Amino acid sequence: MGFARACSVALVGVEGVVVEVQADLEPGVAAFALVGLPDKSLVESRDRVRAAVVNSGAEWPQKKLTVGLSPASVPKGGSGFDLAVACAVLGAAERIDPAAIADVVMIGELGLDGRVRPVRGVLPAVLAAAEAGYRHVVVPEQTAGEAALVPGVSVLGVRSLRQLIAVLGDEPVPDEPVADRSRPDTMLSGLMVPGAGIGTGLAPHAADGTGRPPDLSDVAGQGRARKALEVAAAGGHHLLLSGPPGAGKTMLAERLTAILPPLTRQESLEVTAVHSVAGILPPGEPLIGTAPYCAPHHSATMQSLVGGGNGLPRPGAVSLAHRGVLFLDEAPEFSVRALDALRQPLESGHVVVARAAGVVRLPARFLMVLAANPCPCGRHTLAGAGCECPPSLVRRYQSRLSGPLLDRVDLRVEVEPVGRADLMGNGGRGEPSAAVAARVAEARERAAARLTGTPWATNSEVPGHELRTRLVAAPGALMAAERDMERGILTARGLDRVLRVAWTVADLRAAERPDASDIAVALELRTGIQRGVPMRAGAS
C-alpha cells in the first residue's frame, strides 16, 4: 500500500483555495478513480496523466489507484491539477520521494507527451498558496514570471514532467526542445480565451492605425468636457457625456486612461489576477502597470457585464475594468437590467454573484464613463438639424438611464458640436495628455496625503459623513449646494458627491480646502446649470 500527497489550487472566481491531491495505491485490479467533486475537464485528466507518465519514461502502477481532491466540498475544474495528480501518483508508486512533494504546490496541464502546458489564473493561485503558508510552487515555464510576482515564494518553472521528476529525484535534468520562434507558440493557447484578444474593447486603439496611443491633443475644442475628464481622473469620479453624434464623446473616453496615474504594486497584482483568470493577460507581460480600459458593445448581457456563466461565475466587464475605465458607448441602448446591475459595484467596489454552484465575490472598482445621444436620431439638441423624434420617444429614450443610476454619476457634461474654427484651426487644440496627467498625479498625491491613515485613497471613496464632519469646506461655501438641496435639485447622495468633486477641484488648484467657487464648479458639473464660474481645463 502506497500513499502520497501534493498540493494544487482551485480557483473560485478570482480567489484560490489550496487543494490537497492525495494518491492511494492498493492491491487489486488496475483502475483509476478520481474523487473530490471534479468537473468534466478534470475527470479527463486520468487519461492525460497516464499517457504523460508513461511517455516521460516512468512506469504506471498496475494497482487500484484512488486520487482524492480535498476538501471534497469545493467544486474543482480545469486542467491545472494534472501536474499535482501525476506527482502524487508517482510518489505513491515510490518513483519519487513522497516527502519531497508533500508541501509543494503544483499548477499545470499535462500533454500526452509529458510537456507541461500553461493554464489561466496562475497569479491568483500562487497568491492563495502564499497566504496559506506554502513557500514552494511549481508552474509551467511560460508562467514562471507571473508566479514570481508573489513575494516570499520560491518558483520553479518546468517544461516537461520528465524535468520535474529529475529535479525531485536529484537526477540530471534533461534538455527539452525549445519552440520554434518563427511560428506561434501553441503552448500559449491555454492562456487565452478564444475571442478575448485584440478587438474586444479591452484597450483603446488609435483610430488612424499608426499604433500611437490616443492623446488628448487630438481632441479639438471641448474645453468643458476636457475639464470634466481631468476632474474625473483626479478624483475617480464617474462621468456622463451627452451630446449629438460626432461631437467627440468616444474620443474623450478613449483618452481617459492616458491621464490616469500608473497602478501601484498592489493594484497591478489585483488587475493582473483578474485578467489572468479571464484569459486576457497578454503573453510575455506578467504584470499590468497601466489602468485597463474596457468598452463592451451595447448588446452585452447583464451576465457579461457583472459576471456569470455556467457553473461558478466568471469575471465580467466591470471586473475587467477594475482599477481602470469602463466605457459604455450608446448607454441608452444597453438593456435596462444590465445598466441597473451596475448600481451595486458603483457603490461597493465589488460584485457578489450568486449561482447554484456557489457565491463569488469579484473586484469591480472602476471609473465609469457613459456616452449618450439626446434622442434616437441624435439631432434633438441641434438647432435646425431636423429631428423628427416625437417628445414621447425622446422621453422614453432618455429614461432608459434610470434615476438611481444617474444619481451615482458625479459629472454630467453636455458635449457641444465642434465648430469650424476649432476643427480646422490650431487654436482649438488642447494640452497633451502628459501635461494633464502631471496635474492629475499631483492632485492625487494631495488627496492621498490628506487621507493618510484612512482606508480611502481618492476623493470619490470618502464617505459623506467624513466630508460633513472631519473634511469640511470653507465657511459659507455650501450655501449654493444647500439651496439646491432644498429645491429638490440635489439628493442627500448628490450633496455628498458634490462635496467629493469640490475636494478634487480644490486639489487640482492646490488649495487647502474647497471654497464657494469649487462648490460652484462641482454643482455645474453635476447639474448642468450654469453658475457663472470658469470651466477651463487645467489649474485655474
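These figures come from a predicted structure and were not determined experimentally. (Residues numbered from 1 in each chain as written. Predicted model: local features only at pLDDT ≥ 70, side-chain atom pairs only at ≥ 80, totals over all residues. Heavy atoms only, no water.)

**Q** Help me out: how do you make sense of the overall build of the protein chain in this one?
**A** Within the protein chain, the regular secondary structure consists of 22 helices and 16 strands. Taking the principal axes of its C-alpha atoms as reference, the protein chain extends roughly 85 × 50 × 40 Å. For the protein chain, the share of sequence-separated contacts (at least 6 apart) that also reach a separation of at least 24 residues comes to 72%. Only carbon and sulfur atoms are counted for the fraction: they give 53% of the accessible area of the protein chain, which is about 23600 Å². In the protein chain, which carries 55 positive and 56 negative side-chain charges, the distance between the mean positions of the two groups comes to 6 Å. (Helix = DSSP H or I, 4+ residues; strand = E, 2+ residues; numbered from the N terminus. Contact = heavy atoms within 4.5 Å. Areas by Shrake-Rupley, 256 points an atom, 1.4 Å probe, with all protein chains shown as cover. Lys, Arg positive; Asp, Glu negative; His and termini not counted. Charge placed at Lys NZ, Arg CZ, Asp CG, Glu CD.)

**Q** Would you take a moment to explain the nonpolar core for this structure?
**A** One broad rule of soluble globular proteins: the nonpolar side chains tend to lie buried together. In this structure, Leu239, Leu256, Ile259, Val369 and Leu525 are the most contacted members of the largest nonpolar core, which totals 55 residues. Top contributing element to this core by residue count: helix α21 (residues 492-508), with 8 residues. Ala4, Val21, Ala52 and Val116 belong to the second largest nonpolar core, which has 40 residues in total. (Core = buried A, V, L, I, M, F, W, Y, C linked by side-chain atoms within 4.5 Å. Buried < 20%, exposed > 50% of the residue type's maximum accessible area, 1.4 Å probe, protein only.)

**Q** Any chance you could explain the sheet that holds strand β11 (residues 293-294) here in plain terms?
**A** Consider a sheet: its strands pair through backbone hydrogen bonds, and that pairing is either parallel or antiparallel. One open sheet accounts for 5 strands, arranged β11-β12-β15-β10-β16; its pairing is parallel. Across the chains shown, the open sheet's two edge strands, defined by having one partner strand only, are β11 and β16 (411-414). Two strands pair when backbone bridges link them, and strand β10 (residues 239-242) and strand β15 (residues 367-372) are joined in this way by 4 bridges, in the parallel orientation. Within the sheet, the bridge partner assigned to Ser242 lies in β15 and is Ala372. (Pairing = 2+ DSSP bridges.)

**Q** How should unusual backbone geometry be read in this particular structure?
**A** Most peptide bonds take the trans form, and the phi angle of most residues other than glycine is negative. Between Ser70 and Pro71 the backbone carries a cis peptide bond, its omega angle lying at 10°. Positionally, Pro71 belongs in the loop between β4 (64-70) and α3 (82-92). In this model, Arg323 sits at a positive phi of 65°, which is unusual for a non-glycine residue. Looking at the element boundaries, Arg323 is found in the loop between α12 (317-320) and β12 (325-328).

**Q** Sorry, what's going on with the packing of aromatic side chains here?
**A** Each aromatic ring pair is characterised by the separation of its centres together with the angle its planes make. For the structure on display, the rule yields 2 aromatic pairs. With a centroid separation of 5.7 Å and 45° between ring planes, the pair formed by Phe32 and Trp60 is classed as tilted. Of this pair, Phe32 sits in strand β3 (residues 31-35) while Trp60 sits in the loop between α2 (45-55) and β4, placing them 28 residues apart in sequence. Take Phe32 and Trp60: they sit in the same class, and that class is buried. (Phe/Tyr/Trp six-rings, centres within 6.5 Å; stacked < 30°, edge-to-face > 60°.)

**Q** Quick question: what am I supposed to make of the confidence of the model for the protein chain here?
**A** Where the model shows low pLDDT, its predicted coordinates should not be examined in detail. Across the protein chain, the average pLDDT comes to 87, with 90% of residues at or above 70. Summarising per-element confidence for the protein chain, the mean pLDDT is lowest in helix α17 (residues 420-424) (69) and highest in strand β5 (residues 105-106) (97). Under a pLDDT of 50 for its full length, residues 197-201 has, in the predicted model, 7 contacts with residues more than four places off or in other chains. (pLDDT = per-residue confidence, 0-100.)

**Q** Hey, could you run me through the packing of α3 against helix α7 (residues 161-168) in this one?
**A** In a packed pair of helices, the relevant descriptors are the angle between the two axes and the axis-to-axis distance. Viewed as axis vectors pointing N to C, α3 and α7 meet at an angle of 45°, and their least axial separation amounts to 12 Å. For the element pair α3 / α7, the angle class is oblique. Pair α3 / α7 crosses with right-handed handedness. Facing Leu83, Ala86, Cys87 and Leu90 of α3, the residues of α7 in contact are Leu161, Leu164, Ile165 and Leu168. When its residues are assigned to classes, the contact of α3 with α7 shows 8 nonpolar, no polar and no charged. (Axes fitted to C-alpha atoms, helices over the stretch in contact; angles between N-to-C directions. Parallel < 35°, antiparallel > 145°, perpendicular 65-115°, else oblique. Left-handed = near helix turned anticlockwise from the far one by under 90°. Nonpolar A, V, L, I, M, F, W, Y, C, P; charged D, E, K, R; others polar.)

**Q** Sorry, what's going on with the pattern of salt bridges here?
**A** Tallied over the full model, the rule gives 28 salt bridges. A salt bridge links Asp113 to Arg115, with the shortest nitrogen-to-oxygen separation between them at 2.9 Å. Glu254 serves as the salt-bridge partner of Arg255, at 3.8 Å between the closest nitrogen and oxygen. For Arg255, a relative accessible area of 8% corresponds to the buried category. Here Glu254 falls in the partly exposed class, since its relative accessible area comes to 21%. Connected through shared salt-bridge partners, Glu347, Asp407, Arg408, Asp410, Arg493, Arg497 and Arg526 make up one network. (Salt bridge = Lys/Arg side-chain N within 4 Å of Asp/Glu carboxyl O.)

**Q** Explain the pairing of β4 to me, please; I cannot follow it from the model alone.
**A** Along any regular strand, the residues point their side chains to alternate faces of the sheet. Pairing of strand β2 (residues 15-26) with β4, which is carried by 7 bridges, proceeds in the antiparallel orientation. The partner of Ala23 across the bridge, within β4, is Val67. As judged from the 5 bridges shared by β3 and β4, these two strands associate in the parallel manner. Counted as the bridge partner of Ala33 is Thr66 from β4.

**Q** Hey, could you run me through the environment of Glu431 in this one?
**A** Turning to its location among the elements, Glu431 is positioned in the loop between α17 and α18 (433-450). Since its relative accessible area comes to 29%, Glu431 is described here as partly exposed. A C-alpha to C-alpha distance of 9.2 Å links Glu431 and Val219, two positions 212 residues apart in sequence. Side chain to side chain, Glu431 and Arg439 meet in a polar contact 2.7 Å long. (Polar contact = N/O pair within 3.5 Å; in protein donor to acceptor, adjacent residues only side chain to side chain.)

**Q** For this particular structure, what's the right way to read the environment of Ser433?
**A** For Ser433, the location among the structural elements is in helix α18. Taking the C-alpha atoms as reference points, Ser433 and Leu260, 173 residues apart in sequence, are found 9.5 Å from one another. For Ser433, the contacting residues outside a window of four places in its chain are Pro214, Asp215, Leu216, Ala258 and Ile259. Of note is the side chain of Ser433, whose polar atom sits 2.8 Å from the backbone nitrogen of Leu216.

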